[in-house]
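Structural features, examined
The lines below spell out each chain.
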Amino acid sequence: MATKKKVAKKAAPKKAAKKAAPKKAAPKKAAKKAAPKKKAARKPNAAFMKALTPSAELAAVVGSKAMPRTEVVKKIWVYIKANKLQDSKNKRMINADAKLKPVFGGKGQVSMFDMAKHLAKHLK
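Notes on the structure in this doc start here. Fair warning: this is a prediction, and the values are worked out from it, not measured in the lab.

**Things to note about the environment of A66**
Relative to the helices and strands, A66 resides in the loop between α4 (56–62) and α5 (69–82). A66 sits 13 residues away from T53 along the chain, and the two C-alpha atoms are 4.4 Å apart. Other than its neighbours up to four places away in sequence, A66 contacts A51, L52, T53 and P54.

Structure follows, in structure tokens:
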């Protein structure tokens, strides 16, 4: 009996291998059917949407109206692009003019990654 089971097991993989090729197409169809299920849209974090009041130095650039942090960053970038304050050789660096120098802690040049750190000090 044990030998017949071994023979049957050896024969089964050959048959499965022949049948496995056409069955590979079927799971792809199943995957396409699963794709239309959409996840719930992400809700914005309330901390980012909280209106913050800019300091006097920052208000000279973005205005004195309270606004979310994301809007402040957008307005800073509009100001930087309009006044061509991005360094021409290294675009990651921002050259401070008379209005931005107090915001950037008196530094003449700040990395765009450090800009958020400096802005945080001027938002309350």
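**A closer look at helix α6 (residues 112–120)**
Listed in full, the buried residues belonging to α6 are M115, H118 and L119. Take α6 and look down its axis: the buried residues cluster within an arc of 100°, on one side only. Buried residues belonging to α6 abut α4, α5, β1 (93–95) and β2 (109–111).

**Let's talk about the side chain of H122**
On the secondary structure map, H122 appears in the segment after α6. Using a relative accessible area of 12% as the deciding quantity, one classes H122 as buried. At 2.8 Å, the side chain of H122 and the side chain of S55 are in polar contact. Once residues within four sequence positions are removed from consideration, H122 is found in contact with T53, P54, S55, E57, L58, P102 and V103.

**What about unusual backbone geometry?**
With phi around 55°, K84 is a residue other than glycine that occupies positive phi space. Relative to the elements of secondary structure, K84 occurs in the loop between α5 and β1.

**With respect to the side chain of D87**
Mapped onto the fold, D87 is located in the loop between α5 and β1. Buried and unpaired, D87 has no salt bridge, with K89 as the nearest side chain of opposite charge at 7.5 Å. Of note is the side chain of D87, whose polar atom sits 3.1 Å from the backbone nitrogen of N90. In contact with D87, other than residues within four places in its own chain, are M93, N95 and Q109.

**Things to note about the nonpolar core**
Counting residues in hydrophobic clusters, the biggest one holds 19 residues, and the most contacted among them are L58, I76, L100 and F104. Put simply, the parts of the chain that give this core at least two residues each are α4, α5 and α6. Among the elements that make up this core, the one with the highest residue count is α5 (four residues).

**Quick word on the packing of α5 against α6**
At a minimum axis separation of 11 Å, α5 and α6 run at an interaxial angle of 125°. Our classification of the angle between α5 and α6 gives oblique. As α5 runs across α6, the sense of the crossing is right-handed. Facing α5, whose interface residues are R69, V73, I76, W77 and I80, α6 presents M112, M115, L119 and A120.

What counts as what
- Residues numbered from 1 in each chain as written.
- Predicted model: local features only at pLDDT ≥ 70, side-chain atom pairs only at ≥ 80, totals over all residues.
- Heavy atoms only, no water.
- Helix = DSSP H or I, 4+ residues; strand = E, 2+ residues; numbered from the N terminus.
- Contact = heavy atoms within 4.5 Å.
- Buried < 20%, exposed > 50% of the residue type's maximum accessible area, 1.4 Å probe, protein only.
- Arc of directions from axis to C-beta.
- Polar contact = N/O pair within 3.5 Å; in protein donor to acceptor, adjacent residues only side chain to side chain.
- Lys, Arg positive; Asp, Glu negative; His and termini not counted.
- Salt bridge = Lys/Arg side-chain N within 4 Å of Asp/Glu carboxyl O.
- Core = buried A, V, L, I, M, F, W, Y, C linked by side-chain atoms within 4.5 Å.
- Axes fitted to C-alpha atoms, helices over the stretch in contact; angles between N-to-C directions.
- Parallel < 35°, antiparallel > 145°, perpendicular 65-115°, else oblique.
- Left-handed = near helix turned anticlockwise from the far one by under 90°.

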